[in-house]
Amino acid sequence: MSSIIAYIPDWTVFGQALIAFLVPILASVSLKKIYAFAGNGSRRASSKKQKAPAPAATPFSGDFEADLRFLQKAVCQNSDMRTREFPLAKMGARGVLFFVDGMQNDRLLNMNILEFLMFEATEKTFAYPVGSDSLLPFRSLCDAPDMESFGRSVLFGHAGLLIEGLPRGLLIECPDGANRAIMEPVSEMLLRGPRLGFSEVISVNTSMLRRQGFGDQLEMKSCRVGTRLKKDLVIAYMKDIVNPELLAEVEARISKMDADFLAESGYVEQLIEDNSFSLFQQVQNTERPDRVINALLEGRIALLLDGTPFALIVPATFSMLLQSPEDYYERWLPGSLLRMLRFIAAFVALMAPALYISFISFHPGLIPTELALSIIETRQGVPFPSLIEVLILEISIEILREAGIRLPKPIGPAMGIVGGLIIGDAAVQAGIVSPFLVIVVAVTAISSFSIPTYSAGITLRVLRFAGMLFAAFLGMFGTILFFLLLCSHLTKLKSFGVPYLTPVSPFRMEDWKDLFFRAPLKLMKRRPGMLKTKNSKRKQ
């Protein structure tokens, strides 16, 4: 009887098994409650929200003095607003030019606009409506339907013309401003590939996409987003490839965005993603035009926002976050090896500290004897349990990483390297941590640097701490439970209706040619089937 009892596990094992069984159930129920509460809250908020009545538009009266006084009262109280009153010699009339200081090209204003109007313009110049038959020699010209839209357009960067005797206002586009030169992307460095990166000017970004290659299928739709301060947003896609349902869904989500001001494309990303409670990004951001154009050729859609060099690509999948454009610029065997190394590095960056804690604290018998003796020897004198020991080093590494980013460029890298060496060596000498743990944390940090997308690296860094807590309380059971919960969440996650783990789940054998390894370009004849494109063949 005693021999049989000896084989019965301790009560703690049954407790761990019970917790491992209950945690997924409780987590699933809690998430459903949170999603339901968030959905009901947004519905209640939208039902209570009442739209304010739109102010009545004030048309141009045709009385030059009255219209001028109205516009001066409406827009000229801004300190950066400039007006220039001038005579039209051949018409015997007056004109006023409205513009914002620093947003217009002074040479175009002086040479092309003011000089022409003052010495060349006649009554016939304004006889035709603004359009293809207009005699005004301006590249971009349009009528303002009312005085409110005239003032808004001038504040947005147009030059506004008010001509005596003309019962309407004219808007001329001659933009200018301080723009930085086109540079290599800082967040996506490559050894082989184009050195071009997006800038903060949306017209420059769209032209860079056009210059990727000659073709008439690249289509761009422009709209303005933001309720108080508006910005231009461009939706780019290949009209002969993109799925019309996907395009309609993207446009619908953009139209529903409600924000005073979209300072950066990260605002757009958060407002259009499927699941705001997920740590994983469901929209990919990039600074590289070559990455964007390749995504468009797969059937995806790109969003470009004025004022930011980061474009958005939808839909996104998990495998995209670990792929680099350099995989396709190198031959398929080296490119496949580098991609597989990235997947291994991502697993190490996520699970290495949790595995260390579970092995050291709960399952030392699973470690080879010689290695276990070496680890025990190095941990002699360490006063903290493995969890506290790991947390000390991991938090120190994260602080150093953040400090290295915020410091000036000449100081940041040196501070990160020297700080890591000094803190690690001092912690070992003081007996706070073991040398073996320093190796584990260093390998984890180096592995996280290999993630080509910075936002994906942040996600793995956050989840690493959750895995450490699971391992500290439940050992290997907790580590496996954490990984299974993570896989379950990724399986349910979607990006614009596309499963996040495609082509792993749901399984698509044809798309595995560009997953963990990259097949030769000659064999990659079809676009990803998950996107349901109009034209599935890459080569005609």
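For clarity, every value in this text was computed on a predicted model and none was experimentally measured.

Calculation notes
Residues numbered from 1 in each chain as written. Predicted model: local features only at pLDDT ≥ 70, side-chain atom pairs only at ≥ 80, totals over all residues. Heavy atoms only, no water. Helix = DSSP H or I, 4+ residues; strand = E, 2+ residues; numbered from the N terminus. Contact = heavy atoms within 4.5 Å. Areas by Shrake-Rupley, 256 points an atom, 1.4 Å probe, with all protein chains shown as cover. Buried < 20%, exposed > 50% of the residue type's maximum accessible area, 1.4 Å probe, protein only. Pairing = 2+ DSSP bridges. Axes fitted to C-alpha atoms, helices over the stretch in contact; angles between N-to-C directions. pLDDT = per-residue confidence, 0-100. Expected span 1.5 Å × (residues − 1). Bend = angle between axes of the 7 residues up to and from the residue. Salt bridge = Lys/Arg side-chain N within 4 Å of Asp/Glu carboxyl O.

1. Side note on the overall build of the protein
Thought 1: A count of helices and strands for the protein gives 16 helices and twelve strands.
Thought 2: Across the protein, contacts joining residues at least 24 apart in sequence account for 66% of those joining residues at least 6 apart.
Thought 3: Entry remark: accessible area of the protein is about 29500 Å², with carbon and sulfur atoms responsible for 64%.

2. Re unusual backbone geometry
Thought 1: Following Thr 502, the chain continues to Pro 503 via a peptide bond in cis, the omega torsion being 5 degrees.
Thought 2: Examined against the element boundaries, Pro 503 turns out to sit in the segment after strand S12 (498-499).
Thought 3: A positive phi angle, close to 55 degrees, is found at Phe 496, a residue other than glycine.
Thought 4: You can see Phe 496 is positioned in the loop between strand S11 (494-495) and S12.
Thought 5: Phi at Lys 532 is positive, roughly 55 degrees, even though this residue is not glycine.
Thought 6: As for its placement among the helices and strands, Lys 532 is situated in the segment after S12.
Thought 7: The class of Lys 532 is exposed, set by a relative accessible area of 60%.

3. A closer look at the sheet that holds strand S9 (residues 301-305)
Thought 1: The strand order across the open sheet formed by five strands is S6-S7-S9-S10-S8, and the pairing between neighbours is antiparallel. Looking at strand neighbours, the two that pair on one side only are strand S6 (218-225) and strand S8 (284-286), the edges of this open sheet. On average, each strand axis in the sheet is tilted by 25 degrees relative to the strand beside it, whichever way the strands run.
Thought 2: The pairing of S8 with strand S10 (residues 311-314) spans three bridges and is antiparallel. The residue of S10 that forms the bridge with Asn 285 is Leu 312.

4. Some remarks on helix H9 (residues 289-298)
Thought 1: Counting buried residues in H9 gives eight out of ten residues, a clear majority hidden from the surface.
Thought 2: Among all positions in H9, only Pro 289, Asp 290, Arg 291, Val 292, Ile 293, Ala 295, Leu 296 and Glu 298 are buried.
Thought 3: In the stretch just after H9, Gly 299 is the one whose phi turns positive, near 110 degrees.

5. Observations regarding the confidence of the model for the protein
Thought 1: Mean pLDDT over the protein works out to 82, with 86% of the residues at or above the 70 mark.
Thought 2: Per-residue pLDDT stays below 50 along residues 42-52; that stretch engages in two contacts with residues further than four places along the chain or on separate chains.

6. Brief notes about helix H16 (residues 454-492)
Thought 1: With 39 residues, H16 should reach 57 Å at 1.5 Å per residue; the first-to-last C-alpha distance of 23 Å falls well below that figure.
Thought 2: The largest bend along H16 measures about 145 degrees and falls at Leu 474.

7. Focus: the pattern of salt bridges
Thought 1: By the definition in use, this model includes 26 salt bridges.
Thought 2: Between Arg 94 and Glu 85 there is a salt bridge, with its nearest N and O atoms 3.2 Å apart.
Thought 3: Among the residues examined, Arg 94 registers a relative accessible area of 29% and is labelled partly exposed.
Thought 4: Where Arg 168 meets Asp 143, a salt bridge forms, and the shortest distance between an N and an O atom there is 3.0 Å. Of the two residues, Arg 168 is situated in the loop between strand S4 (159-163) and strand S5 (169-172) and Asp 143 in strand S3 (residues 141-144); the sequence distance between them amounts to 25 residues.
Thought 5: Judged by relative accessible area, which is 19%, Arg 168 ranks as buried.
Thought 6: Through salt bridges with shared partners, a single ionic network connects Glu 394, Glu 398, Arg 401, Arg 461 and Arg 464.

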